[in-house]
Amino acid sequence: MGNEVGSEWIRLIVGAVIALAFASLNALFLVWLERKVAGHIQLRPGPKEVGPFGLLQTIADALKLVGKELITPSAADKKLFVIAPVLIFMPVLVGFLVLPFAPELIIRDMNLGVLLIFAFSTFSVLAILAGGWSSNNKYALLGAIRSVAQNVAYEIPLLLTVMSVVLMVNSLRFSEIVQAQGHIWFIFLQPVAGLIYLISATAETNRAPFDIPEAESELVAGFHTEYSGMRFGLFFLAEYTNMFIVSAVATSLFFGGWHGPFGFDMKIPGIVWFMLKTYFLIFVIMWVRWTFPRIRFDQLMNFSWKFMIPVSLANLLVTAVVLKFI
Amino acid sequence: MSYWKEVINGGWSLVEGMRVTFRRLYRPVVTVQYPRQKVELSPAYRGHIEFVKFKETGTHKCVACGQCQRMCPSNLIKVQGIKERAKGRKVGTQYFIDFTRCSLCGLCVEVCPTKTLKFSREYELEGVSRWDGVIDLMARLGETRP
Amino acid sequence: MAEQFLEPVVENVYTLNLGPQHPSTHGVLRVVLDLDGEFIVRTDPVIGYGHRGHEKMGENRLYKQFMPNTSRMDYLSGMLYNHGYVLAVEKLAGIEVPERAKYIRVICSELNRISSHLLWFGTYVMDLGGFTPFLYAFDDREQILDILDRVSGSRLTYSYCRFGGVCQDLDSVFIDMTRAFLKRLRSRWSDYENLVTKNIIFIHRTRDVGVISLEQARQFGVTGPNLRACGVAFDMRRAEPYEVYDRLDFEIPVGTKGDALDRYYVRMIEMEQSCRIIEQALDQLPGGAFLNPKVPDRLRPPKGDLYFGFESARGQTGYYIVSDGSTMPYRLHVRVPSFGNLHVLVEAFQGTLLADAISTMGSVDLVIPEIDR
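Rules behind the numbers
Residues numbered from 1 in each chain as written. Chains lettered and ligands numbered in written order. Predicted model: local features only at pLDDT ≥ 70, side-chain atom pairs only at ≥ 80, totals over all residues. Helix = DSSP H or I, 4+ residues; strand = E, 2+ residues; numbered from the N terminus. Rg over C-alpha atoms; globule rule 2.2 N^0.38 Å. Contact = placed C-beta atoms within 7 Å. Buried ≥ 20, exposed ≤ 12 C-beta atoms within 10 Å, placed from the backbone. Nonpolar A, V, L, I, M, F, W, Y, C, P; charged D, E, K, R; others polar. Pairing = 2+ DSSP bridges. Axes fitted to C-alpha atoms, helices over the stretch in contact; angles between N-to-C directions. Parallel < 35°, antiparallel > 145°, perpendicular 65-115°, else oblique. Left-handed = near helix turned anticlockwise from the far one by under 90°. Expected span 1.5 Å × (residues − 1).

*Asks:* Which residues make up the overall build of chain C, and what values go with them?
*Replies:* Across its full length, chain C holds 16 helices and eight strands. In summary, chain C has a C-alpha radius of gyration of 21 Å against a globular reference of 21 Å for 373 residues, a match within 12%. With respect to the principal axes defined by its C-alpha atoms, chain C has extents near 70 × 50 × 35 Å. Taking the intrachain contacts of chain C between residues at least 6 apart in sequence as the baseline, contacts between residues at least 24 apart amount to 70%.

*Asks:* Can you break down the overall build of chain B residue by residue, with the values?
*Replies:* Looking only at helices and strands, chain B features four helices and five strands. Helices (α) and strands (β) of chain B occur, in sequence order from the N terminus, as α-β-α-β-β-α-β-β-α. C-alpha atoms of chain B, sized along the principal axes, occupy 95 × 30 × 30 Å. The 146 residues of chain B split such that 21% are buried. Counted over contacts in chain B with a minimum sequence separation of 6, partners at least 24 positions apart contribute 69%.

*Asks:* Break down the interface of chain A and chain C for me, with residues and values.
*Replies:* If you look at the interface, chain A gives 24 residues, while chain C gives 28 residues. Those elements that provide at least two residues to the side of chain A that touches chain C are α6 (138–169), α10 (216–219) and α13 (297–325) of chain A. Looking at the side of chain A that touches chain C residue by residue, the class counts come to 13 nonpolar, five polar and six charged.

*Asks:* An account of the sheet that holds strand β3 (residues 39–46) of chain C is needed here, citing residue identities and associated values.
*Replies:* Residues and elements named next belong to chain C. Spatially, three strands are ordered β1-β2-β3 in an open sheet, and the strand pairing comes out antiparallel. Lying at the two open borders of the sheet, with one neighbouring strand each, are β1 (14–18) and β3. The mean inter-strand angle of the sheet, taken between neighbouring strand axes irrespective of direction, is 25 degrees. Of the pairings in the sheet, the one linking β1 to strand β2 (residues 30–36) comprises five bridges and is antiparallel in character. The residue bridging asparagine 17 from the neighbouring strand is valine 32, located in β2.

*Asks:* Quick rundown of the packing of helix α12 (residues 260–284) of chain C against helix α15 (residues 354–363) of chain C? Include the residues and the values.
*Replies:* All names here are of chain C. Viewed as axis vectors pointing N to C, α12 and α15 meet at an angle of 25 degrees, and their least axial separation amounts to 9 Å. When the interaxial angle is binned, α12 and α15 end up roughly parallel. Viewed along their axes, α12 and α15 form a crossing whose handedness is left-handed. Here Ala260, Arg263 and Tyr264 of α12 lie close against α15, whose contacting residues are Ser359, Thr360 and Ser363. Looking at the contact of α12 with α15 residue by residue, the class counts come to two nonpolar, three polar and one charged.

*Asks:* Can you explain the interface of chain B and chain C? Please cite residues and give values.
*Replies:* Taken together, the contact pairs 22 residues of chain B with 23 residues of chain C. Put simply, the parts of the chain that give the side of chain B that touches chain C at least two residues each are α1 (2–25) and α3 (107–111) of chain B. When residues of the side of chain B that touches chain C are assigned to their parent elements, the largest contribution, seven residues, is made by α1 of chain B. Along the lines of polarity and charge, the residues of the side of chain B that touches chain C split into 13 nonpolar, seven polar and two charged.

*Asks:* Residue-level account of the environment of threonine 25 of chain C, with values.
*Replies:* Residue and element names in this part refer to chain C. Assignment of secondary structure puts threonine 25 in the loop between β1 and β2. Under the C-beta neighbour-count criterion, threonine 25 is labelled buried, with 22 such atoms within 10 Å. The spatial distance from the C-alpha of threonine 25 to the C-alpha of aspartate 127 is 9.3 Å, given a sequence separation of 102 residues. When near neighbours in sequence (up to four residues on either side) are disregarded, threonine 25 contacts Leu18, Gly19 and Val31.

*Asks:* Go over helix α12 (residues 270–289) of chain A, please, and point to the residues and values.
*Replies:* End to end, α12 of chain A covers 29 Å across 20 residues, agreeing with the expected 28 Å (1.5 Å per residue, within 8%). Within α12 of chain A, the full set of buried residues consists of Trp273, Phe274, Lys277, Thr278, Leu281, Ile282, Ile285, Met286, Val288 and Arg289 of chain A.

*Asks:* Let's hear about the pairing of strand β7 (residues 315–323) of chain C: which residues, and what values?
*Replies:* Residue and element names in this part refer to chain C. Among the nine residues that make up β7, seven are buried, leaving the element largely enclosed by the rest of the structure. The pairing of β7 with strand β8 (residues 329–335) spans six bridges and is classified as antiparallel. Bridge assignment links isoleucine 321 to a residue of β8, and that residue is leucine 332. Counting the residues that bridge the hairpin from β7 to β8 gives five residues, and of these glycine 325 lies at a positive phi of roughly 85 degrees.

*Asks:* Tell me about unusual backbone geometry, residues and numbers included.
*Replies:* Residue and element names in this part refer to chain B. If you check the backbone angles, lysine 115 has positive phi at about 55 degrees while not being a glycine. Its location among the elements puts lysine 115 in the loop between α3 and β4 (117–119). The exposed category is assigned to lysine 115, around which 11 C-beta atoms lie within 10 Å.

*Asks:* A description of the packing of helix α4 (residues 78–93) of chain C against helix α5 (residues 99–127) of chain C should follow, citing residues and the corresponding values.
*Replies:* In a pair of packed helices, the angle between the axes and the distance between the axes together describe the arrangement. Residues and elements named next belong to chain C. Relative to each other, α4 and α5 sit at 145 degrees, their axes nearing to 7 Å. In the crossing of α4 with α5, the sense of the turn from one axis to the other is left-handed. Together, Gly78, Met79, Leu80 and His83 of α4 and Arg105, Cys108, Ser109, Asn112 and Arg113 of α5 make up the contact between the two elements. When grouped by side-chain class, the residues that make up the contact of α4 with α5 number three nonpolar, four polar and two charged.

*Asks:* So what's going on with the environment of valine 367 of chain C? Residues and values would help.
*Replies:* Residues and elements named next belong to chain C. Along the chain, the position of valine 367 falls in the loop between α15 and α16 (368–372). Owing to 26 C-beta atoms within 10 Å, valine 367 belongs among the buried residues under this scheme. The sequence separation of valine 367 and histidine 54 amounts to 313 residues, and the corresponding C-alpha distance is 15 Å. Valine 367 has contacts with Asp74, Leu76, Arg314 and Ser338, leaving out every residue within four places of it along the chain.

*Asks:* Provide a residue-level description of the pairing of strand β6 (residues 304–312) of chain C, including the pertinent values.
*Replies:* Residues and elements named next belong to chain C. Bridge count between β6 and β7: nine bridges; the pairing is antiparallel. Opposite glutamate 311, over in β7, you have glutamine 316 as the bridge partner. The turn joining β6 and β7, which pair antiparallel and follow one another in sequence, is formed by two residues.

*Asks:* Would you mind going over α1 of chain B in detail, with residue names and values included?
*Replies:* Given a rise of 1.5 Å per residue, 24 residues ought to cover 34 Å, and the 35 Å separating the end C-alpha atoms of α1 of chain B matches this to within 8%. Of the residues making up α1 of chain B, those classed as buried are Ser13, Gly17, Val20, Thr21 and Arg24 of chain B.

*Asks:* Run through the environment of histidine 183 of chain A, naming residues and quoting values.
*Replies:* Residues and elements named next belong to chain A. Summarising the element assignment, histidine 183 is placed in the loop between α7 (174–179) and α8 (186–189). By the C-beta count within 10 Å, which is 9 here, histidine 183 ends up exposed. Taking the C-alpha atoms as reference points, histidine 183 and glycine 67, 116 residues apart in sequence, are found 51 Å from one another.

Spelled out as structure tokens, the structure:
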């Protein structure tokens, strides 16, 4: 018995270390990908000088960030100011513990996995608020306030759409949700929920066109205006890791996780399917970012409270009624 | 009803926008990768001024009249000359410009009575001190340049 | 320690310094905003950070020597400012201009107007958060700069016009390039339309935002596309035709509400109209001299003063020149459109959101060095 508990702990620790390494590498890769996608959309090549296809560019940038001085504004709330970047990065890592990369590749297949991810992703609001508030900068504070309002508004449709999926499977366990999509992905059964999930997830990760907390043309850099060096780097990494998490969750909830389309697995390992779909969703989020202008703050709130929440509620209701009578 | 119409039309407009950017995704890049590729200079390109080397004399025709010096809006031209013989023409011996202050208006080139000034085709001008912007036109004339 | 920084002057109102270094003030403009939450209570634009004393410089240099200064006031429409300056001095000194030179100037000016509007289009959408249209617009603008580079030798501060003509003639390559560019630009309208004009987010960010009423526009001396968006078809090219504009057929687009979306439409249509002007001017381009050779270097206009207004990319620009009969102007004053366009914002910002203020400020197309001179 004791041995089993011990092995479980080892599994968890090894998993956490791997998750940390993967999260960092993945974020570096995503930054590169973002710049490449943006570059090609804008008819320019993007980074290409450092390493093959500029792959090492973000590593060079990260090294530069590490080497920079960490400036703390004299009027800042110093403790909160230092904690905030750590606070935003750690909860994101927790998400990796429950993500179902492949049937046998889940660090910890919890029966409340879905809930855990969303519970921890809410932490990032706290970090953003702490960072924005403690900077003692008006732009940062405005960004933080906007961020909180936005995250609260978008958490609700996000969870409501997830609920309609959970209702169909009757489980909050990721592996069971993915298993249920062996033949048909839930995006085909729940197209409205899938779309609303993607929109809310974009807003949840503060990506354009919902990047209001850091709206660069209004609030300079939003909540991280005063951050420099690797503290800024952590906010940056967290944004990209967050993007990966929401895309991975979308993949497992709506796009069949490790399954190929319509039950055709084509002898390709599950992890490849999973990654392909996740990176495709990330690409879509990037593509959206480099296409649209930013929504105004009150329009964003209106969109959430007056459109997304009623629609996702109706969707949930319809799902429940249909499930009841099938 | 008009609300739903706007939602659908709005959604469609977003899709159309994404189509525009997607089409660009696989088009060739239009930027020029500067140190590796270079753009051809326009025939009218204005670099800093330099002397024309006339074939018949093998040198410039500057007579140090000082018209360019007076016409320059930024007073950045210094020209000096000597008269070798009592009845001979004056010949320019020193011609300096402070390119850091030049606005490339071309008035000096236009005003030159002997047409011995022209625009160079230099554009990669960099230096570590402001004195690197001071150009000795007489010395440049000695150098062989295309 | 922190309390002294957070002390508000008026209860519930805090001051936000927008600028002088801010991504969307486009230059060194500082706007002091008093905000109640995110609503603007009071606006106070602070100008003068980029003052270089161009007008004073004009007083102690020859008429000809002031030429490079003109394109540095509004660096986005340098050709238009050049053009206006030579027109003013030519009128003051009574200089004859060959027909061909007039057409050349009109062609180059209109090309410059398109490039200025394209840059405005790009930066405006960037202010609203869309970065990609900005680079598409720059791609097009680059073509114009190449065309103008071909004749003037520079890409931004042209110094191309001369009293009595222009400094270099157009060649057939220039004409071919221009025609090819017009064709290309027209093929791009549909992309711009799909990407920006029809975009629901863009429409919501601009419709009924930053409304400048006709009354306010008149009070603050707003001109150019911003005035035309309020519904007044006032264009110096039509109101007091100079050069050959009276021989060319073009429309003056007007808006109805005077909001940011109207200003956007007016500018987009104006670009198309400029294309038409260039086409007609290229068709009508006569032969002959491009420069009146009789103009002396040291011009001595007769005693007197003169105001000459013309339509720059941002509105009515004017040179007021007082001559005392010497080789230098006694006084040279420039009327710039951005000054009025900026200060009307004090009223237009009242009670709007910060995000709308950015959208409005972008939509009136400010060029700060023009105000500061």
